[in-house]
Amino acid sequence: MITIAGAGLAGLATAYELLQRGAEVTLFEQGAGPGAASVARFAGGMLAPYCERESAEEEVITLGSRAFEWWANITPVHRRGTLVVAPRRDRAELTRFARRTRGHQLLEGAEIAELEPALSGRFASGLFFEEEAHLDPRRALRDLSTAVEALGGEIRYDTPAPTRVDLDCTGISAALPKLRPVRGEMVILHCPEVEISRTLRLLHPRIPLYLVPRDDQHFMIGATMVESNSSRPASLRSVTELLSAAFALHPAFGEASVVELGAGLRPAFADNLPRLFEHDGVLHLNGLYRHGFLLAPAMAQRAAARLMLQTAQTSAMERTG
């Protein structure tokens, strides 16, 4: 039996991989249900390795390239690409973004309108990352939980983990050395007046914004990355900036209904890359930062392979002991 502390994104993904390999798995989760206590419920759900290369290491592309098919076996994945735009006065931001990334094509205004008619006449040029995708994080967590249980995994909700487990996936709660919290804030809007089918990124020197469509004309808007350990609700300044940026993307968002405001603490190491390592005799998978849904599949496969090897070695020692 392999035990995992935390049934958030990392814990569930690793459990899924272990179960596929024939292991018996039990997860201990302090939350009341799938994703209830996971910071991943505030994520954008973008599977966007090429865009993320603008500020992340090359390893994000390497690891993230496995995410599309992995998630498609579990939950709906919308592979419609990412459209990056900027106001005319910020054209330099678009040029800089293009220089730091790859996997895109330059679009002119008419081509943007062809992709997203709601943006017709609003932007003179943009970058289209055709291979990228998005998913609904909350549905993905529910579907992943269901998949784990269907394979025979046990998830014990409302249950603290025992002192010793085989794998710790408790995020910022793990209090690991050099693990820091990065606060992120988001807004969910309902705007029936706007039809947008793919992830949009609006570049701005101060607060770039991403918008991810959900079902029934709901949109998740986010962008903030604040070095802070505060778990208070979203701040007025952040919400004002996010809503102002949304209005700049399309004026109809000025009449949108605010459905939800949220804030969470994302665990990150100094290089903003996830790590699989031992600490005080326990294996940890942590530091998914803002790349959780993109990098969790590859990191879960690494964790599962290591745990299966350890289990096999332990069984061999018991037989010969």
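Only a predicted model underlies this, so the values are computations on that prediction, with no experimental measurement involved.

Thresholds applied
- Residues numbered from 1 in each chain as written.
- Predicted model: local features only at pLDDT ≥ 70, side-chain atom pairs only at ≥ 80, totals over all residues.
- Heavy atoms only, no water.
- Helix = DSSP H or I, 4+ residues; strand = E, 2+ residues; numbered from the N terminus.
- Expected span 1.5 Å × (residues − 1).
- Bend = angle between axes of the 7 residues up to and from the residue.
- Buried < 20%, exposed > 50% of the residue type's maximum accessible area, 1.4 Å probe, protein only.
- 1 Å grid on protein atoms, 1.4 Å probe; cavity = no way out; pocket = protein on both sides within 12 Å on 5 of 7 lines; lining within 4 Å.
- Points joined across faces, edges and corners; volume = space filled by probe spheres on them.
- Nonpolar A, V, L, I, M, F, W, Y, C, P; charged D, E, K, R; others polar.
- Pairing = 2+ DSSP bridges.
- Contact = heavy atoms within 4.5 Å.
- Axes fitted to C-alpha atoms, helices over the stretch in contact; angles between N-to-C directions.
- Core = buried A, V, L, I, M, F, W, Y, C linked by side-chain atoms within 4.5 Å.

A. Just helix 9 (residues 292-320), in detail. Between the first and last C-alpha of helix 9 there are 41 Å, a value that for 29 residues agrees with the 42 Å anticipated at 1.5 Å per step. Alanine 298 marks the point of greatest bend in helix 9, at about 25 degrees. When we look at burial in helix 9, the residues that qualify are Gly292, Phe293, Leu294, Leu295, Ala296, Pro297, Ala298, Met299, Ala300, Ala303, Ala304 and Leu307.

B. Summary view of the layout of surface pockets. The computed volume of the second largest pocket comes to approximately 640 Å³. As for the second largest pocket, its lining consists of 30 residues, of which Arg206, Pro208, Ala223, Thr224 and Met225 are closest to the centre. Contributing elements (two or more residues each) for the lining of the second largest pocket: helix 2 (49-52), helix 5 (91-100), strand 10 (180-190), strand 11 (199-202), strand 12 (209-213) and helix 8 (236-249). Each residue belonging to the lining of the second largest pocket can be placed in one class, and the counts come to 11 nonpolar, seven polar and 12 charged.

C. Quick look at the sheet that holds strand 2 (residues 25-28). Pairing is mixed in the open sheet, where six strands are placed in the order 8-2-1-9-17-16. If you trace the sheet from one side to the other, it starts and ends with strand 8 (154-156) and strand 16 (275-279), each paired once. Bridge count for strand 2 against strand 8 is three bridges, and the pairing is parallel. Bridging across to strand 8, leucine 27 finds its partner in isoleucine 155. Of the strands in this sheet, strand 1 (2-5), strand 9 (167-168), strand 16 and strand 17 (282-286) touch helix 9, which is tilted by about 35 degrees from strand 16.

D. Structural view of the environment of isoleucine 196. With respect to the helices, strands and loops of the structure, isoleucine 196 is situated in the loop between strand 10 and strand 11. Each C-alpha atom, one on isoleucine 196 and one on proline 117, is 8.2 Å from the other, the two residues being 79 residues apart in sequence. The contacts of isoleucine 196, once residues within four sequence positions are left out, are Glu116, Ala118, Leu211, Pro213, Phe219 and Phe253.

E. Structural detail: the nonpolar core. With 49 residues, the main nonpolar core has Leu27, Leu47, Trp71, Leu167 and Phe293 as its most contacted residues. When residues of this core are traced back to their parent elements, those giving at least two are strand 1, helix 1 (9-20), strand 2, helix 3 (58-64), helix 4 (67-72), helix 7 (137-150), strand 17 and helix 9. For this core, the element with the highest residue contribution is helix 9, accounting for 10 residues. Setting aside anything within four residues of it in sequence, one finds leucine 167 in contact with Thr3, Ile4, Ala5, Thr14, Leu276, Leu283, His284, Leu285, Ala303 and Leu307. In terms of nonpolar packing, the next biggest core, distinct from the first, is built from 27 residues, Leu119, Leu189, Ala223 and Ala252 among them.

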